[in-house]
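# Working through the structure, step by step
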Amino acid sequence: MHRFVHRLALFVAPLIIQLHVPSVGAETLDQSVSALAILERPTLLDLRLFRPLSRSEESALLPLDRFKECDFCPVLIVIPAGRFTMGASADEPGSTPDERPQHQVTFPSFSVGRLPVSLAEWNACVMRKGCSFQPSDPSSSSEWKPITNIQWVEAKEYVEWLSRATGKPYRLLSESEREYVARAGTTTAFWWGDSFAIDLFEQRQIAGAPLPLPRPALPNPWGIYEVHGSVYDWVEDCWHDTYQGAPADGSAWIEGDCSQHVLRGGSLSRAAQTRRAAARIWFGSSNRTHYMSLRVARTLPR
């Protein structure tokens, strides 16, 4: 019965999201409560002790199940296997040549963090000597506030530490996985459509008005938050100026000059079109910027 209720919730949630979010700028914290409540009803995997999944538990996972493998681990969502068209067409407003040529990518199932890694989750790594970067506000423990200002090598430290702590294959997303997760089966510039409206909260944030930390925007149809969000996620891939020769199997593209790595996501300090599902930017390994963060991936047995 719990499995039926869980599946029903995942079916109904996108419908509620469509009712509340004609564009991302339309949501408020109050409006987000009903969708959040449905997506976060407990399942058996939520009620178990937070420990690494057993082989039998891994083999029983279904698409969109969620799980957590230690007290300080991120919550993960199981992403369905599938195929999608990566990149943007030349007529998509805001698109750039580095988002082409569009190409097909096929994925096995994998799991991904429901949110960017939080400051509290990062601090657990620092306290256990797994992460070298110490944030300027280490006392914050908000479940929603992401770690920021991290370099690519520091993002790698975190997933390597998480792998050691759990004995499971945690890693950074590949660039194609990150876009696949952002789109969640959709083909528009953003998962909800082609337009991005700035809401009142964002206007006040851009203007510098002090506000309490909000919950994140509503999740996409796969239950993933902040895919067009307030921070960028470091991915494994090295930067390439086009997709000519890009992998078609969902793996990271790590050939060539890897002094520059790819970031995917968004930032309030950048134009709205840079938050599109296909949008991509790069930075060198030594750069540190306020919108640099990470979201973890975990390989699942095939």
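The notes below deal with the structure included here. Computed from a predicted model, the values in this text were never measured in an experiment.

## Let's talk about the pattern of salt bridges
A complete count under the given rule lists 15 salt bridges for this structure. In this structure, Arg-280 engages Glu-175 in a salt bridge whose closest nitrogen and oxygen atoms are separated by 2.6 Å. Highlighted residues: Arg-280 in the loop between strand E8 (260-265) and strand E9 (281-284) and Glu-175 in helix H7 (residues 175-183), separated in sequence by 105 residues. Here Arg-280 matches Glu-175 in class, with each residue buried. When salt bridges that share partners are traced, they join Glu-175, Glu-179, Arg-183, Arg-264 and Arg-280 into one network.

## Quick notes on the sheet that holds strand E11 (residues 296-299)
Here 5 strands make up an open sheet; going across it, the order is E1-E2-E5-E11-E6 and the pairing antiparallel. On the outer flanks of this sheet lie strand E1 (66-67) and strand E6 (170-172), each paired with one strand and no other. Packing against the sheet, helix H6 (residues 152-166) makes contact with E6 and E11, and its axis sits at approximately 165° to E6. Seen against the sheet, H7 touches strand E2 (76-79), strand E5 (110-113) and E6 and runs at an angle of roughly 75° to E5.

## A look at the nonpolar core
Trp-122, Ile-147, Ile-150, Tyr-158, Trp-234, Leu-294 and Val-296 are the most contacted members of the largest nonpolar core, which totals 35 residues. Among the elements of the structure, E2, helix H5 (119-127), H6, E6, strand E7 (232-238), E9 and strand E10 (292-294) are those that each provide at least two residues to this core. Here this core takes 6 residues from H6, the largest share from any one element. Ranked by size, the runner-up nonpolar core spans 30 residues in total, among them Val-112, Val-181, Ala-246 and Val-262.

## Here we look at the side chain of Arg-264
Along the chain, Arg-264 falls in strand E8. The buried category is assigned to Arg-264, whose relative accessible area is 2%. Among the polar contacts made by the side chain of Arg-264, one reaches the main-chain carbonyl oxygen of Ala-277 at a distance of 2.8 Å. Apart from residues lying up to four places away in sequence, Arg-264 is in contact with Met-86, Glu-175, Arg-178, Glu-179, Val-231, Tyr-232, Asp-233, Tyr-243, Ala-277, Ala-278, Ala-279 and Arg-280.

## As for the packing of aromatic side chains
In the structure shown here, the tally under the stated rule is 17 aromatic pairs. Plain terms: the ring middles of Tyr-180 and Trp-222 are 5.1 Å apart, the flat faces sit at 70° to each other, and that makes the pair edge-to-face. In this pair, Tyr-180 is assigned in helix H7 and Trp-222 in the loop between helix H8 (200-206) and E7, connecting sequence segments 42 residues apart. Each member of the pair, Tyr-180 together with Trp-222, is buried. It is Arg-280 that lies over the ring of Trp-239; its NZ or CZ is 4.1 Å from the centre.

Reading the values: the criteria
Residues numbered from 1 in each chain as written. Predicted model: local features only at pLDDT ≥ 70, side-chain atom pairs only at ≥ 80, totals over all residues. Heavy atoms only, no water. Salt bridge = Lys/Arg side-chain N within 4 Å of Asp/Glu carboxyl O. Helix = DSSP H or I, 4+ residues; strand = E, 2+ residues; numbered from the N terminus. Buried < 20%, exposed > 50% of the residue type's maximum accessible area, 1.4 Å probe, protein only. Pairing = 2+ DSSP bridges. Contact = heavy atoms within 4.5 Å. Axes fitted to C-alpha atoms, helices over the stretch in contact; angles between N-to-C directions. Core = buried A, V, L, I, M, F, W, Y, C linked by side-chain atoms within 4.5 Å. Polar contact = N/O pair within 3.5 Å; in protein donor to acceptor, adjacent residues only side chain to side chain. Phe/Tyr/Trp six-rings, centres within 6.5 Å; stacked < 30°, edge-to-face > 60°. Lys NZ or Arg CZ within 6 Å of the ring centre and 35° of its normal.

Just distances and angles here, no functional claims.
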